[in-house]
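# Summary of the model geometry
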Amino acid sequence: MEKEQRLIHVVTQNVDNLHMKAGSRKVTELHGNGFNVICIGTNGKDRCDYSIDRHDFQKILQSFNAELLEKANQVGSEISFRPDGDVDISSEDIQKFYLPACPQCGGALKPNIVFFGDNIPLERIEKVVKLIIDSHGVLVLGSSLQV
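These notes cover the structure that comes with them. (Residues numbered from 1 in each chain as written. Predicted model: local features only at pLDDT ≥ 70, side-chain atom pairs only at ≥ 80, totals over all residues. Heavy atoms only, no water.)

### So, the overall build of the chain
Operational definition: A run of H or I in DSSP counts as a helix once it spans at least four residues, and a run of E counts as a strand once it spans at least two, with each numbered from the N terminus. We take the radius of gyration over the C-alpha atoms and set the globule estimate at 2.2 Å times the residue count to the 0.38 power. Note on exposure labels: buried denotes an accessible area under 20% of the residue type's maximum, exposed denotes more than 50%, and partly exposed covers the range between, all computed with a 1.4 Å probe on protein chains only. The Shrake-Rupley method, run with a 1.4 Å probe sphere, supplies the accessible areas, and residue values consider only the shown protein chains as cover. Only four residue types enter the tally: Lys and Arg on the positive side, Asp and Glu on the negative side, with His and both chain ends excluded. For charged residues, the charge sits on one atom: NZ in Lys, CZ in Arg, CG in Asp, CD in Glu.
What the chain contains, in helices and strands, is 5 helices and 9 strands. Going from N to C terminus, the chain has its helices and strands arranged as β-α-β-β-β-β-β-α-α-β-β-α-β-α. For 147 residues, the compact-globule estimate of 2.2 N^0.38 gives 15 Å, and the chain exceeds it by more than 25% at 19 Å. Per-residue burial for the chain yields a buried fraction of 25% across its 147 residues. Of the roughly 11100 Å² of accessible surface on the chain, 54% is carried by carbon and sulfur atoms. The centroid of the 16 positive side-chain charges in the chain is displaced by 7 Å from the centroid of its 20 negative side-chain charges.

Structure representation (structure tokens):
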């Protein structure tokens, strides 16, 4: 529909980059994207703008936590990876886990996802509201629009 110019923009709650993978180019991911890691710190007054590709960040995490990764890969390990990406890990091993700080400001890094309880960034909301106001119609698929 986008290629035929019958669709102006896609707004999604997905965080999996699925619409971009399908070929859409005009996409707003309301809840962010799990393929980017961002800094939530500040450089003085302004929010830090550091970001890194999730796969590159994963390599950094693996290099800093090689011992835990080796332990997790052992047969019968008490560390288990669940299908949703969560990991069951002991308190002792959590204490050993190293999470690097932002190389620009020293702040905390997190996936660029709006988690439950977080707020969607105001700029994103304003963009979507403008798209709706400027549109001739809205097509809703796969949502009850209740949340």
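Further notes follow.
### Overview of the pairing of strand β3 (residues 32–39)
Counted only if it meets this: What makes two strands pair is DSSP finding at least two bridges between them.
Of all 8 residues in β3, 6 are buried, a share of seventy percent or more. Two strands pair when backbone bridges link them, and β3 and strand β9 (residues 109–113) are joined in this way by 5 bridges, in the antiparallel orientation. Residue N33 lies in a different strand from β9, and its bridge partner there is N112. Where β3 lies against strand β6 (residues 51–53), 3 bridges are found, and the strand directions are antiparallel.

### Examining the pattern of salt bridges
Definition in use: Between Lys or Arg on one side and Asp or Glu on the other, a salt bridge is scored when a side-chain nitrogen of the former is within 4 Å of a carboxyl oxygen of the latter.
Counted under the stated rule, the structure contains 4 salt bridges. The salt bridge involving K71 is made with D93; its shortest N-O contact spans 2.8 Å. Of this pair, K71 sits in helix α3 (residues 66–72) while D93 is found in helix α4 (residues 91–96), placing the two residues 22 residues apart along the sequence. By relative accessible area, D93 is classed as buried at 0%. Overlapping salt bridges bring together K71, E92, D93 and K96 as one network.

### What about the nonpolar core?
Selection rule: Only buried residues count toward a nonpolar core. Its members are Ala, Val, Leu, Ile, Met, Phe, Trp, Tyr and Cys residues joined through side-chain atoms within 4.5 Å.
Counting 9 residues, the largest nonpolar core consists of V37, C39, C48, Y50, I52, F57, L61, C102 and L109. Looking at this core, the elements with two or more residues in it are β3 and α2 (54–64).

### Quick notes on the sheet that holds β6
Rules: Note on geometry: axes are C-alpha line fits, over the in-contact stretch for helices, and angles between N-to-C directions span 0 to 180 degrees. For this analysis, residues touch if any pair of their heavy atoms sits within 4.5 Å.
Ordered in space as β6-β3-β9, the 3 strands form an open sheet in which the pairing is antiparallel. A single partner strand is all that each edge strand has here, and the edge strands are β6 and β9. In this sheet, adjacent strand axes meet at a mean angle of 40° when their direction is disregarded. Where α2 meets the sheet, its contacts fall on β3, β6 and β9, and the angle it forms with β6 comes to roughly 90°.

### Considering the side chain of K110
Take K110: it is sitting in strand β9. Buried charge without a partner: K110 forms no salt bridge, and the closest opposite charge is D118, 4.4 Å away. Apart from residues lying up to four places away in sequence, K110 is in contact with N36, V37, I38, I40, F115 and D118.

### Topic: the environment of K96
Summarising the element assignment, K96 is placed in helix α4. With a relative accessible area of 42%, K96 lands in the partly exposed category. Spatially, the C-alpha atoms of K96 and L61 are 12 Å apart, while their sequence positions differ by 35 residues. Each residue touching K96, except ones within four places of it in the same chain, is listed here: N65, E67 and L68.

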